[in-house]
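# Examining the three-dimensional arrangement
Next come the chains, spelled out residue by residue.
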Amino acid sequence: MKIFFPKTLPGLLLLLALLLSLSCSRNPGRAAGDKLFTLMPESYTGAGFVNYLDYDEQLKKKFNIYTYRNFYNGGGVALGDVNNDGLMDIFLTSNMGPNVLYLNKGDFKFEDISEQAGISGHGEWSTGASLTDVNGDGWTDIYVCNSGNVEGDERHNELYINNGDLSFTERAAEFGIDDRGYSTHGAFFDYDHDGDLDLYLLNNSFKAIGSFELSENQRQIRDSIGGDKLFRNDNMHFTDVSEEAGIYASTIGFGLGVTVGDIDQDGWMDIYISNDFFERDYMYINNGDGTFRETLTTMMPCISAASMGADMADINNDHFPEIFVTDMIPEHDARLKTKTTFDSWDSYKSNYENGYHHQFTRNMLQLNNADGTFSEIGRLAGVHATDWSWGALILDLDNDGLKDIFVANGIYQDLTDQDYIQYFSNRDMVASIISGNDVDYKTLIDAIPSVKLPSYAFKNKGNLRFENMALAWGLAEPSHSNGSAYGDLDNDGDLDLVVNNVNMPMFLYRNETSQKLSDHHYLKVILKGESGNTDAIGTKVSVRHQGHSYYLEQMPMRGFKSTMDPRPNLGLGTLTMVDSLVIQWPDNTVTILKDVSTNQTLTLYQKDGVPASAPLVKKANQEERWFEEITDEVSVDFIHKENVYDDFRREKLIYQMLSTEGPRVSVGDVNGDGLE
């Protein structure tokens, strides 16, 4: 715009007023932008963390994507109130540098207190972060997972106990959880209902992916160092009970996501593990006696082939949580053709026959049927293809009462690029970069394509349908994003987003729902648990209104390497008052409030809970079903046997087999008695 300087004093004053109004309107701390989310600049927030992967160090230490397969998996984000001032602080992990803790000063202003807090970390390669009150003293602690095979690094996980004065003391060894595996993330929850927090530690295999003989399934062979672990909290010392609890801990576990929730609504927290590469995911159902049964193949018809981040929440408001898992299939044709390869039919059959289940390269949205089974609806819902995806979060972004899906996206250098693979597969090229034991890593790394990708924000439109609104909502900034977390950073009743990026500044997205959609209401709950589980992890929060329910589970550690705001925030659409708010505490006592006004934050205490007089959720039962299995009651003794035929060998471009449609069935009244 052109501005002409006035020659009169009144004109000058008018100009100054105009400039002042313009400067105020551009101040992100004063007014919202034109999108539902505002990307807050470092110049305003003071938070500009970069997960920087030093190029020279990669070459110097020979530690790079070719020597460590998870090199570009990025870091995590964890939210929590470390000084009990009612504001969510931000912790971010760094792969090659110090970890960072930002203290929330209010109004989206943050202060880096990492040095005085003493939380920067001693490990060379930090990954997941978990914020919760581990020792039950009322102060939020920090558990950091470390990984990588950096030479000279005495890799172990770290537990920073909060001293209550903005400083922390590292005590992982004392608590027994200084694990030395390739750790991805830790989830603290009370699996045995003894009142304190136990730990599921997700690890990633030490072994090279090409070193396995897939026909020899090693799932039952335990790896005491590198496998997943379940630690029981025994008076603030953690004991590895993985084997007796029924947890797999093998070298074929390539864990990237640990998701905890009550899948079958029996009052006990269950576990979903998403595994990368050829190993299938795990579904651990809590038996309520200190053990779990692994039941994935009987509950889910198919799963992702390269499972990454995952989340668990109720998307259709039936009080049963769904499970969303990300993979790596692009949405658009150009990247689909140049980045993606698919298993052959023979490879798919072999993997299934060797116990790896039905795996397909796409995101999976598993609809909970409330009867111990799931239906995969990712393509129906429109959320199956989001490219190279990491963080998967299910949350209500616009407080309309339906939970949406956010997917953090991108990889700094894409080794799956088919042109790159073909170029370096040339015999002469291989000879030019490999000489004996020496490898020209610089040439290999410099040629890998690097393309920033936008993240996805799927709006829940109801009826199991979603629409990507990332661009319209202001969440489509191209990036190399990994861990992400949601939380109400400014306490205005909507959920903001924090994203950890590789080689570019973090994203701090302020949610403008409270201003732009003021008719969308919320209810926030601060849960005060008992000593040992002061965050009341495992609590179920339900709002009931005129036959409808809105449901959340208190489990902050979720997504990809990250921890959410520990204050459940329910979007409730246009409701200004609800019939009831029901809190089911970890000890199964309940707190019930009637005729509750929305747009408020309530602080509730487990000590005030009372025994439940009736089950809080109604499970599916036989009387409610439209059909009943009566095969054994009729004289039909027929089993169709399909012949073995590979349609794809003959017609390589068909989408599915046409020779396995099964036998025909005809129905009619053959004897004229009026019965078919």
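Residues numbered from 1 in each chain as written. Predicted model: local features only at pLDDT ≥ 70, side-chain atom pairs only at ≥ 80, totals over all residues. Heavy atoms only, no water.

## Side note on the overall build of the protein
Summing up its helical and strand segments, the protein has 16 helices and 42 strands in all. Taken along its principal axes, the extent of the C-alpha atoms in the protein is 105 × 75 × 60 Å. Across the 676 residues in the protein, those meeting the buried criterion constitute 54%. The contacts in the protein between residues at least 6 apart in sequence include a share of 61% that link residues at least 24 apart. Within the structure as shown, the protein displays about 30000 Å² of accessible surface, and the carbon and sulfur contribution to it stands at 51%. (Helix = DSSP H or I, 4+ residues; strand = E, 2+ residues; numbered from the N terminus. Buried < 20%, exposed > 50% of the residue type's maximum accessible area, 1.4 Å probe, protein only. Contact = heavy atoms within 4.5 Å. Areas by Shrake-Rupley, 256 points an atom, 1.4 Å probe, with all protein chains shown as cover.)

## Concerning the pattern of salt bridges
If you walk through the whole model with that rule in mind, you get 27 salt bridges. With a closest N to O distance of 3.8 Å, E244 and R232 form a salt bridge. Here E244 is found in helix α6 (residues 242–245), whereas its partner R232 is found in strand β12 (residues 229–233), with twelve residues between them in sequence. Given the relative accessible area of 56%, E244 is considered exposed. A salt bridge links E376 to R362; the nearest nitrogen and oxygen atoms lie 3.4 Å apart. (Salt bridge = Lys/Arg side-chain N within 4 Å of Asp/Glu carboxyl O.)

## Some details on the side chain of N511
With respect to the helices, strands and loops of the structure, N511 is situated in strand β32 (residues 507–511). Of the polar contacts made by the side chain of N511, one reaches the backbone oxygen of L495; its length is 2.9 Å. (Polar contact = N/O pair within 3.5 Å; in protein donor to acceptor, adjacent residues only side chain to side chain.)

## Focus on a negative patch on the surface
On the surface, E628, E629, D632 and E633 cluster together into a negatively charged patch. Its location among the elements puts E628 in the loop between β42 (610–611) and α16 (647–650). (Patch = residues over 30% accessible without salt bridge, like charges linked within 9 Å, V, L, I, M, F, W, Y side chains within 5 Å. Lys, Arg positive; Asp, Glu negative; His and termini not counted. Charge placed at Lys NZ, Arg CZ, Asp CG, Glu CD.)

## Observations regarding the packing of aromatic side chains
This structure, assessed with the given rule, holds 32 aromatic pairs. Here the aromatic rings of Y191 and F292 are separated by 5.8 Å at their centres, their planes lie at 40 degrees, and the arrangement is tilted. In this pair, Y191 is assigned in the loop between β10 (182–189) and β11 (198–204) and F292 in strand β17 (residues 292–294), connecting sequence segments 101 residues apart. For the pair shown, Y191 and F292 are each scored as buried. Three or more aromatic residues joined by ring pairs make a cluster, and in this case those are F63, Y68, F71, Y72, W125, Y182, F206 and Y412. The ring of Y44 has K109 lying over it, and the distance from NZ or CZ to the ring centre is 3.8 Å. Lying across the ring of F212, K207 places its NZ or CZ 4.7 Å from the centre. (Phe/Tyr/Trp six-rings, centres within 6.5 Å; stacked < 30°, edge-to-face > 60°. Lys NZ or Arg CZ within 6 Å of the ring centre and 35° of its normal.)

## As for the sheet that holds strand β29 (residues 465–468)
Pairing is antiparallel in the open sheet, where four strands are placed in the order β24-β25-β28-β29. Pairing within the sheet leaves two strands with one partner each, and these edge strands are β24 (389–395) and β29. Adjacent strand axes in the sheet meet at a mean angle of 25 degrees when their direction is disregarded. Inspection of the sheet shows strand β25 (residues 404–409) paired to strand β28 (residues 456–462) by three bridges, in the antiparallel sense. When the sheet's bridge partners are listed, F406 is paired in β28 with A457. (Pairing = 2+ DSSP bridges. Axes fitted to C-alpha atoms, helices over the stretch in contact; angles between N-to-C directions.)

## Details of the side chain of S479
Tracing the backbone through its elements, the reader meets S479 in the loop between α14 (470–473) and β30 (481–487). Side chain to side chain, S479 and S481 meet in a polar contact 2.6 Å long.

## Things to note about the domain arrangement of the protein
The assigned domain composition of the protein is domain 1 (37–516) and domain 2 (521–611). One C-alpha centre belongs to domain 1, the other to domain 2, and the line joining them spans 25 Å. Taken together, the contact pairs 64 residues of domain 1 with 36 residues of domain 2. Summed over both sides, the interface between domain 1 and domain 2 buries roughly 3800 Å², with carbon and sulfur atoms accounting for 53% of that surface. Summed over the shared surface of domain 1 and domain 2, the number is three salt bridges. (Domains from an automatic or database assignment. Buried area = accessible area lost by both parts, 1.4 Å probe.)

## Here we look at a nonpolar patch on the surface
Nonpolar side chains collect at one region of the surface, where I630, V634, V636 and F638 lie side by side and expose about 390 Å² of accessible area between them. As for its position among the elements, I630 is in the loop between β42 and α16. Judged by relative accessible area, which is 41%, I630 ranks as partly exposed.

## Some details on the sheet that holds strand β16 (residues 282–286)
One open sheet accounts for four strands, arranged β14-β15-β16-β17; its pairing is antiparallel. Every interior strand has two partners, whereas the edge strands, β14 (255–261) and β17, have only one. Sheet twist, expressed as the average angle between the axes of neighbouring strands with direction ignored, equals 20 degrees. As defined by bridge partners, strand β15 (residues 270–275) adjoins β16 across three bridges and the pair is classed as antiparallel. Among the inter-strand pairings, Y272 is bridged to a residue of β16, identified as M283.

## Here we look at the environment of M299
Structurally, the position occupied by M299 is in helix α7 (residues 296–299). Judged by its relative accessible area of 9%, M299 is buried. A sequence separation of 34 residues divides M299 from Q265, and the C-alpha atoms of the two residues are 15 Å apart. Residues in contact with M299, not counting those within four places in the same chain, are I263, M283, I285, G372, T373 and F374.

## Digging into the environment of Y423
Note on placement: Y423 falls in helix α11 (residues 418–424). Since its relative accessible area comes to 48%, Y423 is described here as partly exposed. Between the C-alpha atom of Y423 and that of A447, which follows or precedes it by 24 residues, the distance is 9.7 Å.

## A word on unusual backbone geometry
For Q546, which is not a glycine, the phi torsion comes out positive at approximately 50 degrees. Mapped onto the elements, Q546 comes out in the loop between β34 (540–545) and β35 (548–553). Not every positive phi belongs to a glycine, and K561 is a case in point at roughly 65 degrees. Tracing the chain through its elements places K561 in the loop between β36 (557–558) and β37 (562–563). Since its relative accessible area comes to 4%, K561 is described here as buried.

## Description of the confidence of the model for the protein
On average, residues of the protein score 91 in pLDDT, and 94% of them are at 70 or above. Confidence drops under a pLDDT of 50 for residues 1–26, and excluding neighbours within four residues, the segment shows nine contacts in the predicted structure. (pLDDT = per-residue confidence, 0-100.)

## A closer look at the pairing of β25
Taken across its six residues, β25 has six buried, putting it largely inside the fold. Along β25, one buried face is formed by D404, F406 and A408 and the opposite face, lined by I405, V407 and N409, is buried too. Where β24 meets β25, five bridges bridge the pair, whose relative direction is antiparallel. Looking at β25, one finds that L395 is bridged to D404.

## Re the environment of F63
Relative to the assigned elements, F63 resides in the loop between α3 (55–61) and β2 (77–80). Separated by 85 residues in sequence, F63 and G148 place their C-alpha atoms 8.9 Å apart. Leave out the neighbours within four places in its chain, and F63 touches Q58, Y68, F71, W125, G148, N149 and V150.

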